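What follows is the residue order along each chain.
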Amino acid sequence: MARIYLVTSYKGGVGKSTVSANIANKLAKLGKKVLLCDLDFDLGTLDLLLGCEDRMLFDICDAVYGRADAESCTVKLGADKNLAFLGAPYRCNDETDPEYFASRIKELAKDYDYAILDTPGGNTVTLQAARLCSDEAIVVATQNPASIRGAEKTADSLAEAGISSRLVINCFDAQSAENSSRAGILSMIDSTKTPLLGVIPYDRTMMFAQEKGVLSDGDTFISSQAFENVVSRMEAALTHKRPVPVLYKVRGIRRKKVLTK
Ligand SMILES: Nc1ncnc2c1ncn2[C@@H]1O[C@H](COP(=O)(O)OP(=O)(O)OP(=O)(O)O)[C@@H](O)[C@H]1O
Ligand SMILES: [Mg+2]
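Reading the values: the criteria
- Residues numbered from 1 in each chain as written.
- Chains lettered and ligands numbered in written order.
- Predicted model: local features only at pLDDT ≥ 70, side-chain atom pairs only at ≥ 80, totals over all residues.
- Near = placed C-beta within 6 Å.
- Helix = DSSP H or I, 4+ residues; strand = E, 2+ residues; numbered from the N terminus.
- Nonpolar A, V, L, I, M, F, W, Y, C, P; charged D, E, K, R; others polar.
- Core = buried A, V, L, I, M, F, W, Y, C linked by C-beta atoms within 7 Å.
- Buried ≥ 20, exposed ≤ 12 C-beta atoms within 10 Å, placed from the backbone.
- Contact = placed C-beta atoms within 7 Å.
- Axes fitted to C-alpha atoms, helices over the stretch in contact; angles between N-to-C directions.
- Parallel < 35°, antiparallel > 145°, perpendicular 65-115°, else oblique.
- Pairing = 2+ DSSP bridges.
- Left-handed = near helix turned anticlockwise from the far one by under 90°.

**Student:** Explain the site of ligand 1 here, please?
**Tutor:** The immediate surroundings of ligand 1 are formed by 19 residues, with Gly-12, Gly-15, Lys-16, Ser-17 and Thr-18 found nearest. Mapped by element, the contributors of at least two residues to the shell around ligand 1 are α1 (16-29), β7 (165-172) and α10 (204-210). Its residues assigned to classes, the shell around ligand 1 comprises seven nonpolar, nine polar and three charged.

Below you can see the structure in the form of structure tokens.
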């Protein structure tokens with residue numbers, strides 16, 4: 001049975017899809033079988049991030065409502081084809097019942113090690129479905145104050161529903177944290193009241209690579225190691241091993257300086 005992670009935040013544009021795609025990619029590279037689902041039915045873009053838009057014959061609704069078999073609906077990615085992707089429909093004509101949808105996601109995920117559900121900002125029916133079937137949530141926030149408040153509210157509301165959250169700080173700018181012009185890591189943990197899973201630096205190279213359907217892999221990307229740390233920490237939590245530090249080997253960030261703010 002897959003462990004299902006909901007990637008969420010009420011605030012839009014904070015990097016939920018970026019984090020979802022890269023976590024899924026890194027887990028697959030560790031040899032895990034991963035199902036990545038795009039639950040943003042208004043403007044799903046994960047297929048573009050993964051560079052597989054031309055290979056999507058069916059979408060997640062076709063899989064959920066049985067219009068095609070699950071195997072044909074997933075796009076297999078990665079050298080070992082460990083990453084299976086279910087894309088969002090271009091237009092959704094199905095009446096989505098969150099409970100049914102959630103039960104189908106669980107069934108579709110049963111042969112995988114992990115399922116990563118990328119959701120839109122706001123309280124959509126697909127977010128409700130994702131909340132019903134997730135084991136844990138990854139709440140994404142940037143140093144922007146509105147995003148921090150969004151993350152706090154998201155984690156509060158998940159806690160009320162009995163879902164535990166961990167925080168991923170995305171687009172992290174170390175310099176502004178060091179000189180206190182923007183929120184630092186400790187203050188974000190405190191404000192959101194959410195334990196820290198990872199810190200992903202602002203990575204301009206990744207942003208441009210994404211536009212060509214290329215994920216953050218290798219030394220060209222300062223975020224690549226940070227995503228590796230996130231999945232290593234996810235694995236460690238499940239196996240009760242000691243996790244690597246969040247900023248382990250991440251270039252360009254002085255740990256001692258940013259971890260005092
Ligand atoms: N760590 C990062 N460094 C630089 N740019 C980033 C980073 N993370 C995300 N971005 C950029 O920020 C933009 C928004 O990212 P993304 O689409 O992942 O956000 P989102 O939360 O999924 O948005 P939405 O709410 O619309 O679904 C994209 O252009 C992406 O390339
Ligand atoms: Mg998105």
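Having seen it, we continue.
**Student:** How should the nonpolar core be read in this particular structure?
**Tutor:** For soluble globular proteins, nonpolar side chains are generally found buried alongside one another. Val-34, Leu-35, Leu-36, Ala-115, Ile-116 and Leu-117 are the most contacted members of the largest nonpolar core, which has 82 residues in total. For this core, the leading source of residues is α1, giving six residues. Non-local contacts of Ala-115, meaning those with residues more than four positions away in its chain, are made with Ala-2, Ile-4, Leu-35, Cys-37 and Ala-109.

**Student:** Looking at this structure, how should I read the packing of helix α7 (residues 145-160) against helix α9 (residues 185-192)?
**Tutor:** For any two helices packed against each other, one specifies the inter-axial angle together with the distance between the axes. Look at α7 against α9: their axes get within 8 Å of each other, and the N-to-C directions meet at 40°. In terms of axis orientation, α7 runs oblique to α9. On α9, the residues that touch Ile-148, Ala-151, Glu-152 and Ala-155 of α7 are Met-188, Ser-191 and Thr-192. Looking at the contact of α7 with α9 residue by residue, the class counts come to four nonpolar, two polar and one charged.

**Student:** Can you walk me through the environment of Leu-46 in this structure?
**Tutor:** Along the chain, Leu-46 falls in helix α2 (residues 46-50). A sequence separation of 39 residues divides Leu-46 from Phe-85, and the C-alpha atoms of the two residues are 8.9 Å apart. In this view, Leu-46 contacts Ser-17, Ser-20, Ala-21, Leu-36, Asp-38, Phe-85, Gly-87 and Asp-118; residues no more than four positions away in its chain are not counted.

**Student:** It is not clear to me how the pairing of strand β2 (residues 34-38) should be interpreted in this structure. Could you clarify?
**Tutor:** In the case of a regular strand, side chains alternate between the two sheet surfaces. Within β2, five of the five residues are buried, which leaves it mostly tucked inside the rest of the structure. Residues Val-34, Leu-36 and Asp-38 point to one face of β2 and Leu-35 and Cys-37 to the other, with burial holding for every one of them. Judged from the four bridges that link them, β2 and strand β4 (residues 83-86) form a sheet pairing that is parallel. Directly across from Val-34, in β4, lies its bridge partner Leu-83. Across five bridges, β2 lies against strand β5 (residues 114-118) in parallel orientation. Residue pairing across strands places Cys-37 opposite Leu-117, the latter belonging to β5.

**Student:** Where do I start with the packing of helix α5 (residues 98-108) against helix α6 (residues 125-133) in this structure?
**Tutor:** It is at 8 Å that the axes of α5 and α6 come closest, and there the two elements cross at 55°. By the angle between their axes, α5 is oblique relative to α6. Of the two elements, α5 crosses α6, and the hand of that crossing is right-handed. Taking contact as the criterion, the partners of Pro-98, Glu-99, Phe-101, Ala-102, Ile-105 and Lys-106 in α5 are, on α6, Val-125, Gln-128, Ala-129, Leu-132 and Cys-133. Partitioning the contact of α5 with α6 into residue classes produces eight nonpolar, one polar and two charged.

**Student:** I tried to follow the pairing of strand β6 (residues 136-141) on my own but got confused; where do I start?
**Tutor:** Counting buried residues along β6, five of its six residues qualify, which places the element largely inside the surrounding structure. Direction of pairing for strand β1 (residues 3-8) relative to β6: parallel, over a ladder of four bridges. Note that in β6 the partner of Val-7 across the bridge is Ile-138. Both β6 and β7 contribute to a ladder of five bridges, which runs parallel. Bridging from a neighbouring strand, Ile-138 pairs with Arg-166 of β7.

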